[in-house]
Amino acid sequence: MRNETIKWNRMIGMVLILIPILIQIPYTILNIQIQYPEILRKPTEVILKEYHHGGSSLIWTWWFFGISGLPLIFGYLHLYLNTKRFSPLLSISAVIFGVLIGEHLGQLFTIVWMFWCPL
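Residues numbered from 1 in each chain as written. Predicted model: local features only at pLDDT ≥ 70, side-chain atom pairs only at ≥ 80, totals over all residues. Heavy atoms only, no water.

## A word on the side chain of T61
Inference 1: Within the element layout of this structure, T61 appears in helix α2 (residues 44-67).
Inference 2: Since its relative accessible area comes to 11%, T61 is described here as buried.
Inference 3: Only 2.7 Å separates the side chain of T61 from the backbone oxygen of S57, close enough to count as a polar contact.
Inference 4: Setting aside its immediate chain neighbours within four residues, T61 contacts P26, I29, L30 and Q33. (Helix = DSSP H or I, 4+ residues; strand = E, 2+ residues; numbered from the N terminus. Buried < 20%, exposed > 50% of the residue type's maximum accessible area, 1.4 Å probe, protein only. Polar contact = N/O pair within 3.5 Å; in protein donor to acceptor, adjacent residues only side chain to side chain. Contact = heavy atoms within 4.5 Å.)

## As for unusual backbone geometry
Inference 1: P37 follows Y36 through a cis peptide bond whose omega is 5 degrees.
Inference 2: With respect to the secondary-structure elements, P37 resides in the loop between α1 (2-34) and α2.
Inference 3: Notably, Q35 is not glycine yet its phi reads approximately 55 degrees, a positive angle.
Inference 4: Residue position: Q35 is located in the loop between α1 and α2.

## Here we look at the packing of aromatic side chains
Inference 1: Across all of its chains, the model carries 8 aromatic pairs by this definition.
Inference 2: Seen from their ring centres, Y27 and Y36 are 5.8 Å apart, and the 80 degrees between their planes marks the pair as edge-to-face.
Inference 3: For Y27, a relative accessible area of 25% translates into the label partly exposed.
Inference 4: Taking relative accessible area as the criterion, Y36 reaches 13% and is therefore assigned buried.
Inference 5: Ring centres of Y36 and W62 lie 4.8 Å apart, and the angle between their planes is 80 degrees; this geometry places the pair in the edge-to-face category. With Y36 in the loop between α1 and α2 and W62 in helix α2, this residue pair connects regions lying 26 residues apart in the sequence. (Phe/Tyr/Trp six-rings, centres within 6.5 Å; stacked < 30°, edge-to-face > 60°.)

## Quick look at α2
Inference 1: When the terminal C-alpha atoms of α2 are compared, their 25 Å separation across 24 residues is substantially less than the 34 Å that a helix rising 1.5 Å per residue should span.
Inference 2: Largest kink in α2: about 105 degrees, centred on G55.
Inference 3: Listed in full, the buried residues belonging to α2 are L58, T61, W63, F65, G66 and I67. (Expected span 1.5 Å × (residues − 1). Bend = angle between axes of the 7 residues up to and from the residue.)

## Details of the packing of α1 against helix α3 (residues 70-83)
Inference 1: Interhelical geometry of α1 versus α3 gives an angle of 140 degrees and a closest axis separation of 9 Å. If you check the angle between α1 and α3, you find them oblique. Relative to α3, α1 is oriented so that their crossing is left-handed. Every residue of α3 that contacts α1 at W8, N9, I12, V15, L16, I19, P20 and I23 is listed here: P71, L72, F74, G75, H78 and N82.
Inference 2: Of the residues contributing to the contact of α1 with α3, the split by class is 10 nonpolar, 4 polar and no charged. (Axes fitted to C-alpha atoms, helices over the stretch in contact; angles between N-to-C directions. Parallel < 35°, antiparallel > 145°, perpendicular 65-115°, else oblique. Left-handed = near helix turned anticlockwise from the far one by under 90°. Nonpolar A, V, L, I, M, F, W, Y, C, P; charged D, E, K, R; others polar.)

Pasting the structure below:
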């Protein structure tokens, strides 16, 4: 049982390290395709024109960018499960704040949005 726990902890640790790095791949492609996130400061008609010009490759890149954060949810849950025995309130608070801080919240909303929007 102990070896299995160690293996599981290592796997989740790798998820927490690799996923943020892998998220940078579609992010970089979006930056090259439409100068994301700078394009969001431009007028709506410019954004929509670039979006239309990007075509299906832009949509797929954006979709992969959105879902690339999904494995982080497992990391967050595992973090809570491993730390709750020390202080349940502190553990759940840390996980909630970790999910809500900056890019995590935006990434989670992007994931939800991607599943509601048709390709």
